[in-house]
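Structural features, examined
Listed here are the chains, written in short residue letters.
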Amino acid sequence: MLEFENVSVGYGPTTVVQFAGFAVAREGITTLLGHNGAGKTTLLKGAVGLLKPSHGRIVLDGVEITALPAHQRIRRGLGYVPQGQRCFAELSTLENLRVVADTGRNAGARIEEQLRLFPVLREFADRQAGLLSGGQRQQLAIARALLLEPKVLLLDEPTEGIQPSVVTEIEQAILRLVSERGISVLLVEQQVGFGLCHAENFAVLESGRITQQGPGGISAMAQARAALAI
């Protein structure tokens, strides 16, 4: 579905990720693991067009998108949720959703679909987004990305700094996206856990290079732990 073919990407003259090659499973979860500074976020930014790769190809559903601007990649089916629980803080929860949904057809139906996936957003629909908890803002950020109906959803550490009860809600929502909507998910994490247990496959990024990859599942946890020395 989404393929990285020997991709190198960085900032200006500094290359952060070098010759990364792996594929995101179709209608499943692929987990990209790595410590802080390994290059995970940089690689995601290259995938969505926020950074330009200096080498290699990025292919979405059989079509190369390496040279396309970010908005065209989104139209072709890429969704991206960066770190930081980003939203329009001054707008209400519902207004945040409408800003995105009103750019397409059937806005009301698409918003309702996200409110079913994340019931807490319905409960706090009229609350200013900046007053939501971190976990609630993260659910809002994911819902906003889903309103664009992506084929592949890139999630950059979606449970970082969030209380355990909300982490479980987000993890269950991710599983529903895969099983009920057939979305492919690239889940970026530091920790070996949920993402690896439920992943179709995984890759480990260390100092800008892919050092391990293979099928996911519980049996892969020892291999990933060894690669990350945790």
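Everything here concerns the structure above.
Here's what I pulled together on the structure shown here.

Attention shifts here to the nonpolar core. Counting 39 residues, the largest nonpolar core has Phe118, Ile142, Leu146, Leu153, Leu155, Ile174 and Val185 as its most contacted members. Those elements that place two or more of their residues in this core are helix H3 (93–101), helix H4 (107–117), helix H5 (119–123), helix H6 (134–146), strand S7 (152–156), helix H7 (164–181) and strand S8 (184–189). For this core, the element with the most residues is H7, which contributes seven residues. When residues no more than four places from it in sequence are discounted, the contact partners of Val185 are Val24, Gly28, Ile29, Thr30, Leu153, Leu155, Ile174 and Val178. Core analysis: the second largest hydrophobic core is formed by 27 residues, Phe22, Leu43, Leu78 and Val188 among them.

Moving on: the sheet that holds strand S9 (residues 201–206). Sheet architecture is open: six strands sit in the order S6-S7-S8-S3-S9-S10, paired in mixed fashion. At either end of the open sheet lies a strand with only one pairing partner, and these are strand S6 (78–81) and strand S10 (209–215). Shown here is a sheet whose adjacent strand axes are inclined to one another by a mean of 15°, direction ignored. Here six bridges tie S9 to S10, and the two strands are oriented antiparallel to one another. The partner of Phe202 across the bridge, within S10, is Gly214.

Here is what the cut-offs are and how they apply
Residues numbered from 1 in each chain as written. Predicted model: local features only at pLDDT ≥ 70, side-chain atom pairs only at ≥ 80, totals over all residues. Heavy atoms only, no water. Core = buried A, V, L, I, M, F, W, Y, C linked by side-chain atoms within 4.5 Å. Buried < 20%, exposed > 50% of the residue type's maximum accessible area, 1.4 Å probe, protein only. Helix = DSSP H or I, 4+ residues; strand = E, 2+ residues; numbered from the N terminus. Contact = heavy atoms within 4.5 Å. Pairing = 2+ DSSP bridges. Axes fitted to C-alpha atoms, helices over the stretch in contact; angles between N-to-C directions.

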